[in-house]
Amino acid sequence: FCLKKTQEAFEHVKVLIKNFDYLPVAQARDALKTSASIAAKAGDISLAMDCCERLEDLDDGTEEADLIRGSVYLEANDIGMAMKYFSKVSAETDYSPQTVSRIGVICYEAGLLLLAYQMLKEAIKPYEEVGLEDCPPQTIAFLTGACRNLGNRDEYLYYLKHAVRIAPLDTASVLGDYFPPGTEVRDYWEIEQKRKDEK
């Protein structure tokens, strides 16, 4: 799947689902999340939703399953249904920054950059009040990426300065393609600052 061989990955999903009952619970949970994504990418929304149902049965709750359902609908280009599930989960978790951030990351990965930006900006608010200390790594890394992709240059540089310190691994994952191979994450901000000065 990571090699973009969706159809080959989907064949493995079909085998996994048939043998699902042999997996320990922790592995089953991860397998179902990944299988739902692969099935959605392969166009089998029915199987993707079946994975979500099984995930819900494992977790004794709907939160995780509904987040995955939302991402499956995004994959199927049904933004309305995706937002229905995301709104439901947000309300059920009292709009917790963690949930809002996860939805923002899902939207970012689906290419809905403006929506991702809005969600991640909302999720980061409680941490900005204390100088971004203890900010969840994914939140700041993906917000930085959203700012970059939307052309919010000053905001991008502001968050990048913090992201390379707080979340180097996540920042490398989100932004690594924009820098020469082998570039140290700690150098990202300086490189981008020079690019700005040159313009």
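This text gives an overview of the structure that appears in the document. Everything quoted here is computed from the prediction, not taken from an experiment.

Conventions used here
- Throughout, a residue's number is its position along its own chain's written sequence, starting from 1.
- Since the coordinates come from a predicted model, pLDDT governs what is reported: local features require at least 70, and pairs of side-chain atoms require 80 or more to be given and counted, while whole-chain, interface and lining totals use all residues.
- Only hydrogens and water are removed before side-chain values are computed, so all heavy atoms of the structure are retained for them.
- Helix and strand definitions follow DSSP, with helices as H or I runs of at least four residues and strands as E runs of at least two, each counted in order from the N terminus.
- In this treatment the radius of gyration is a C-alpha quantity, and the globule benchmark scales as 2.2 Å times the residue count to the 0.38 power.
- Three labels apply to residues, based on accessible area from a 1.4 Å probe with only protein chains included: buried if under 20% of the type maximum, exposed if over 50%, partly exposed otherwise in between.
- Residues count as neighbours in contact if any of their non-hydrogen atoms are within 4.5 Å of one another.
- Per-residue accessibility takes into account occlusion by the displayed protein chains alone, with areas from the Shrake-Rupley method and a 1.4 Å probe.
- Only Phe, Tyr and Trp rings are paired, with Trp represented by its six-membered ring, and only when their centres lie within 6.5 Å; those with planes under 30 degrees apart are stacked, over 60 edge-to-face, the remainder tilted.
- Over a ring means this: the NZ of a Lys or the CZ of an Arg is within 6 Å of the ring centre and within 35 degrees of the ring normal.
- The term salt bridge refers to a side-chain nitrogen of Lys or Arg lying within 4 Å of a carboxyl oxygen of Asp or Glu.
- By convention in this document, the label disulfide applies to cysteine sulfur atom pairs within 2.5 Å.
- A pocket here means an open set of points on a 1 Å grid, computed over the protein atoms alone, that has protein on both sides within 12 Å along at least five of seven lines. A cavity is instead a set of points where a 1.4 Å probe fits but cannot get out; residues with an atom within 4 Å of a point line either one.
- Grid points are joined across faces, edges and corners, and a volume is the space filled by probe spheres set on the points.
- Throughout, the ten residues Ala, Val, Leu, Ile, Met, Phe, Trp, Tyr, Cys and Pro are labelled nonpolar, Asp, Glu, Lys and Arg are labelled charged, and all others, Gly among them, are labelled polar.

1. Describing the overall build of the protein
When its secondary structure is counted, the protein shows 11 helices and zero strands. When its helices and strands are written in sequence order, the protein yields α-α-α-α-α-α-α-α-α-α-α. Its C-alpha atoms give the protein a radius of gyration of 18 Å, within 12% of the compact-globule value 16 Å for 199 residues. Here the C-alpha coordinates of the protein stretch approximately 55 × 40 × 30 Å along the principal axes. Across the 199 residues that make up the protein, the buried fraction comes to 41%. Counted over contacts in the protein with a minimum sequence separation of 6, partners at least 24 positions apart contribute 51%. When the accessible surface of the protein is totalled, it reaches about 10900 Å², and 52% of it is carbon and sulfur.

2. Details of the packing of aromatic side chains
By the definition in use, this model includes four aromatic pairs. Ring centres 5.9 Å apart and planes at 10° place the aromatic pair Tyr-73 and Tyr-85 in the stacked group. Of this pair, Tyr-73 sits in helix α4 (residues 63–75) while Tyr-85 sits in helix α5 (residues 79–92); the two residues are 12 residues apart in sequence, bridging distant segments of the chain. In this structure Tyr-85 comes out as buried when scored by relative accessible area, which is 17%. Measuring from centroid to centroid gives 4.9 Å for Tyr-158 and Tyr-159, while their planes differ by 70°, and the two rings are edge-to-face. Note on Tyr-158: relative accessible area 40%, which makes it partly exposed. We classify Tyr-159 as buried; its relative accessible area is 1%. In this structure, Lys-84 is placed above the aromatic ring of Tyr-85, and the distance from its NZ or CZ to the ring centre is 5.9 Å. The cationic tip of Arg-148 hangs over the ring face of Tyr-178; the distance from NZ or CZ to the ring centre is 3.7 Å.

3. Side note on the pattern of salt bridges
Pairing between side chains of opposite charge can happen when the charged atoms of each approach one another. For the structure shown, the criterion picks out 18 salt bridges. Note that Arg-69 and Asp-66 form a salt bridge whose closest N and O atoms lie 2.7 Å from each other. Note that Arg-69 and Asp-66 are positioned in helix α4 at a spacing of three residues, about one turn of the helix. Across the pair Arg-195 and Glu-192 runs a salt bridge whose closest N-O atoms are separated by 3.3 Å. Taken together, the positions of Arg-195 and Glu-192, both in helix α11 (residues 188–198) and three residues apart, correspond to about one turn of that helix. Among the residues examined, Glu-192 registers a relative accessible area of 1% and is labelled buried. Within the structure, one salt-bridge network assembled from shared partners comprises Glu-53, Glu-56, Asp-66, Arg-69, Lys-88 and Glu-92.

4. Let's talk about the state of the cysteines
Summed over the entire model, instances satisfying the criterion amount to zero disulfides. No disulfide involves Cys-147; its sulfur sits 12 Å from the nearest other cysteine sulfur, which is in Cys-135.

5. Quick word on the layout of surface pockets
Regions of empty space are outlined by a rolling probe, equal in size to a water molecule, passed over the atoms. There is about 580 Å³ of room inside the largest pocket. Counting only elements with at least two residues in the lining of the largest pocket, the list comes to α2 (25–41), α4 and α6 (97–109). Among the elements that take part in the lining of the largest pocket, α4 stands out by supplying seven residues, more than any other. Residue classes in the lining of the largest pocket are distributed as 10 nonpolar, four polar and six charged.

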